[in-house]
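Structural overview for review
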Amino acid sequence: MLADIVKPVTTGFRLLFSETKWVFIRGFRRWEIRQMEKRLAEEYQNLGKSFAESQAKGEAFDPKTSDNDLTLKQVAFLREELAHLEKDLEATRTEYIRGRSGEGK
């Protein structure tokens, strides 16, 4: 009888702990994603500056120059990494919910 009374309380504390842990994990992951988004914006800005400089000089913009090529590769990498982190965050949340509901056991 006492076990029947205590079980919902312990389940509630487990749920509370699990959600608190998830809030911290999500917060740190979102911070990491925001940092990458800032870096991506900087790379786009660098690419824009390079384009503006070539236009000011009256030259055609050449994406194959070493600086532009490196910037374009960095942009592609950051976009892929951001997509991966977003997908990973969603998968982690699904895993947390599945583990809590007993499906993962």
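All residue numbers refer to positions counted from 1 along the written sequence of the respective chain. With pLDDT at 70 or above as the cut-off, local features in this predicted model cover only qualifying residues; side-chain atom pairs require 80 or more to be listed or tallied, and sums for whole chains, interfaces and linings still use all residues. The side-chain figures draw on all heavy atoms in the structure; neither hydrogens nor water molecules are used.

1. Structural notes on a nonpolar patch on the surface
Applied cut-off: Put simply, a patch holds well-exposed residues, over 30% relative accessible area, that have no salt bridge, with like charges counted together within 9 Å and Val, Leu, Ile, Met, Phe, Trp or Tyr side chains within 5 Å. Surface exposure here means Shrake-Rupley accessible area, sampled with a 1.4 Å probe, where a residue is shielded only by the protein chains that are shown. Salt bridges, as used here, are contacts in which a Lys or Arg side-chain nitrogen is within 4 Å of a carboxyl oxygen on Asp or Glu. Numbering of helices and strands starts at the N terminus; helices are DSSP runs of H or I of at least 4 residues and strands are runs of E of at least 2. With a 1.4 Å probe rolled over the protein chains alone, any residue whose accessible area is under 20% of its type maximum counts as buried; one over 50% counts as exposed, and the rest are partly exposed.
Together, Met1, Leu2, Ile5 and Val6 make up a nonpolar patch on the protein surface, roughly 470 Å² of accessible area in all. Tracing the chain through its elements places Met1 in the segment before helix 1 (2-56). A relative accessible area of 80% means that Met1 is categorised as exposed.

2. Some points on helix 1
How we decide: A helix is expected to span 1.5 Å for every residue after the first. Contacts between residues were defined by any pair of non-hydrogen atoms, one from each residue, lying within 4.5 Å.
Across its 55 residues, helix 1 extends 81 Å between first and last C-alpha, which sits within 8% of the 81 Å expected from 1.5 Å per residue. Of all the positions in helix 1, only Ser18, Trp22, Ile33, Met36, Leu40, Glu43, Leu47, Ser50 and Ser54 are classed as buried. Where helix 1 is buried, its residues meet helix 2 (66-101). Two residues or fewer after helix 1 comes Gly58, characterised by a positive phi angle close to 80°.

3. As for the packing of helix 1 against helix 2
For clarity, the threshold we go by: Interaxial angle, 0 to 180 degrees, is taken between N-to-C directions of lines fitted to C-alpha atoms, where a helix line uses only the stretch in contact. Here roughly perpendicular refers to angles of 65 to 115 degrees, roughly parallel to angles under 35, roughly antiparallel to angles over 145, and oblique to all remaining angles. Handedness of a crossing is defined here by the sense of rotation of the near helix relative to the far one, left-handed for an anticlockwise turn of less than a right angle and right-handed for a clockwise turn.
The geometry of helix 1 relative to helix 2 is characterised by a closest axis approach of 9 Å and an angle of 165° between their N-to-C directions. With respect to helix 2, the axis of helix 1 lies roughly antiparallel. As for how helix 1 packs across helix 2, the hand of that crossing is left-handed.

4. Remarks on the packing of aromatic side chains
How two aromatic rings sit relative to each other is set out by the distance from centre to centre and by the angle between their planes. Our working definition: In this scheme Phe, Tyr and Trp rings, the latter by its six-membered ring, pair at centre separations within 6.5 Å, and the angle between planes marks the pair as stacked below 30 degrees, edge-to-face above 60, and tilted otherwise.
Enumeration according to the criterion identifies 2 aromatic pairs in this entry. When the centroid spacing of 5.4 Å and the interplanar angle of 70° are considered together, the rings of Phe51 and Phe61 count as edge-to-face. Taken together, the residues Phe51 in helix 1 and Phe61 in the loop between helix 1 and helix 2 connect sequence positions 10 residues apart. Classification of Phe61 as partly exposed rests on a relative accessible area of 26%.

5. Quick notes on the pattern of salt bridges
Following the criterion strictly, the structure yields 5 salt bridges and no others. Across the salt bridge formed by Glu19 and Arg93, the nearest N and O atoms sit 3.2 Å from each other. In this pair, Glu19 sits in helix 1 while Arg93 sits in helix 2, placing the two residues 74 residues apart along the sequence. The class for Glu19 is partly exposed, based on a relative accessible area of 25%. Judged by its relative accessible area of 23%, Arg93 falls in the partly exposed class. Between Lys73 and Asp69 there is a salt bridge, with its nearest N and O atoms 3.4 Å apart. Residue Lys73 and its partner Asp69 are both found in helix 2; the two are separated by 4 residues, about one turn of the helix.

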